[in-house]
Amino acid sequence: MKNGFTLWFVAFLALSASAQDYTFRKLERSSGLFIIGDSRGVALSDYDRDGRLDVFVAKNAGNNRLFRNLGDLKFEEVAAQAGLLMTGDNRVGVWADYDNDAWPDLFVGNVTQYHLFRNLGNGTFEKNTNAGLNTSIRISGALWADVENNGHVDLYTPNLNADNRFFLSNRDGTFRDGIGGAGLQDPQEPSMGGAFGDYDNDGDLDLYLVHDAYQPNRLYRNAGYGYFHEVARDARVALAAQSMATTFADFDNDGWLDLYITNLDSNTIFFNNGNGTFTNTTIFSGVGDRGMSWGIVVLDYDNDMWQDIYVVNASNFPPLYLDNVLYRNLGNRRFEVVTNKAGVSSKLDGWCGATGDLNNDGNPDLLVTNWTGDCLQTFINNGGPYHYLKVGLTGTQCNRYAIGARVKVVANGVQQIRELSGGAGYMSQDSPILHFGMAQATKADVIEISWPGGKTERYYDVPVNQQVNYVEGQATAVAETPSAVPTSMKLHPSYPNPFAPNALAKLSETALTFELANATQLAIVVFDLQGRRIVTLFEGAKNAGSHRVQWNGRDEQNKLVSAGIYLVQMKSAGQRLIQKVTVLR
């Protein structure tokens, strides 16, 4: 035990020492990336597909800005020539490929109207006035997500002092009102923002909404096919504070998305218990910044495999007048404040923040918008000794921008997950290129991509310090090493699915067929979407070969289960496979 503690302590000191090498420098105005005057949401994308991240900023009481990245940290402002010049109280911009033509499109919301701009692929955009998004509501956020996993993104907008809106894709470049049919009505006002994420690991995106004025926040669990149930109280995340923004991220690398929320007075972190509930560890974790907090940026700034948190504060807000804060993740659900050491202090009145690798050096940079002073601050990461890996995604069966895709990277026994977001934090959007700190690892043992819609692909033994770009359906382009991830068992789709336990005999049970390459111990268990065990279908040893088990839609007490979606998990010592089964009534 003593030797084990000594090794852990030495490793901890090494991580701490390495973190001191990671600092930021402020990008000068000569770069062309600066704004004077109140600025709001910031969103990153490579709109011209030249391999460099560009920057959109929604400008309050002025013209929006689009900064084209010229390379070598030089930018030119091109909103006018790109067709994105808009004057007014603009609040938010978020990127997605709503028409699946491989060019990022842009949604812009201000206090009087919604605007959808289609990317023409030649550096310019045209405003689409026939998409069904024309409305006049005071917007406070915008989130793209494919809630039905049908290959087309939908749009949710939290709104201030008005009903939220949800626009469901018609799959032809137009949208319809879908909030009632999806069960996403939000009776609490004012709604300040939200984030989509698959918190229950069932393969579809759930939604967490935050509210001001001490109205309880709400968690909508996607029950499948884009229909949601509100479960915040059961999940223990019905926080009633003065919340401003939120984001999902896996802060403890356990494979389950956690939640961070900014509030007026004290921010909150909820760690996911993996069973449909969360635990508030704010005091223990040391991330309860008590300023007037708005934006949230999650990034692994020091590439140590643990995601850190940057909080954007209105620093001149009484009574505490607190600076922005950078929390470094210590890897044990605890964080330390490193704002000044890292060089990312800002005492301006901040709004929003986003992250991306602006100079393609493998180190995530920071962008912050403010309403006074230097209204677009860019902090460039100076880098350090640790390695990185960046993953770009292109969907073919799922939406082309791959919003909602999850990437898991395993290296040196540590697993990290990222989901490609269609907007989070406060009115902002990070780079679509997913960044992984790799510490001292020289390769990723496994990169596993879970595409929206259920397809999973793996790549093996991928060297670090590069950006890899993956297209859905092309996993065979990379040599696979079967020993890296066990592939000794295969679970076939259940049949019939859906099934009705109280129907005709041939439809009253569903059969699960699976194959084993070797004799093994395994368990086949049915769970509900809250992670509760319903029934164990098999537990014990099976020989190599093809096998079959059946489920009659009953629980351990032999009672018929309710209609809905259930998860069947087949697990051995080296592998876990999961599929959905739908029970009808």
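Basis of the calculations
- Residues numbered from 1 in each chain as written.
- Predicted model: local features only at pLDDT ≥ 70, side-chain atom pairs only at ≥ 80, totals over all residues.
- Heavy atoms only, no water.
- Phe/Tyr/Trp six-rings, centres within 6.5 Å; stacked < 30°, edge-to-face > 60°.
- Helix = DSSP H or I, 4+ residues; strand = E, 2+ residues; numbered from the N terminus.
- Buried < 20%, exposed > 50% of the residue type's maximum accessible area, 1.4 Å probe, protein only.
- Lys NZ or Arg CZ within 6 Å of the ring centre and 35° of its normal.
- Pairing = 2+ DSSP bridges.
- Core = buried A, V, L, I, M, F, W, Y, C linked by side-chain atoms within 4.5 Å.

K.L.:
Please clarify how the packing of aromatic side chains should be interpreted in this entry.
P.N.:
The geometry of two aromatic rings is summed up by the distance between their centres and the angle between their planes. Applying the stated criterion across every chain yields a total of 19 aromatic pairs. Summarising the aromatic geometry, the rings of Trp 351 and Tyr 426 are spaced 6.1 Å apart at their centres and angled 20° between planes, so their arrangement reads as stacked. In this pair, Trp 351 is assigned in strand β26 (residues 350–356) and Tyr 426 in the loop between β31 (414–419) and β32 (434–439), connecting sequence segments 75 residues apart. Classification of Tyr 426 by relative accessible area gives buried; the value is 4%. A network of ring pairs unites the aromatic residues Trp 294, Trp 351, Trp 371 and Tyr 426 as a single cluster. The ring of Trp 103 has Arg 49 lying over it, and the distance from NZ or CZ to the ring centre is 4.2 Å. Lying across the ring of Phe 284, Arg 334 places its NZ or CZ 3.8 Å from the centre.

K.L.:
Just checking my understanding: could you explain the pairing of strand β6 (residues 87–96) for this structure?
P.N.:
Each regular strand displays side chains that alternate between the two surfaces of the sheet. With seven of ten residues buried, β6 lies mostly within the body of the structure. As defined by bridge partners, strand β3 (residues 54–63) adjoins β6 across three bridges and the pair is classed as antiparallel. Looking at the pairing, Asn 60 lines up with Asp 89 of β6. In terms of strand pairing, β6 meets strand β7 (residues 105–110) through six bridges, oriented antiparallel. Note that in β7 the partner of Asn 90 across the bridge is Asn 110.

K.L.:
Just checking my understanding: could you explain the nonpolar core for this structure?
P.N.:
One broad trend across soluble globular proteins is that nonpolar side chains are buried collectively. Counting residues in hydrophobic clusters, the biggest one holds 136 residues, and the most contacted among them are Trp 144, Leu 393 and Ile 447. Here this core gets five residues from one element, more than from any other, and that element is strand β22 (residues 293–299). Judged by nonpolar contacts, the second largest core, of 21 residues, contains Leu 516, Ile 534, Phe 538 and Val 581.

By themselves, these figures tell us nothing about what the structure is for.
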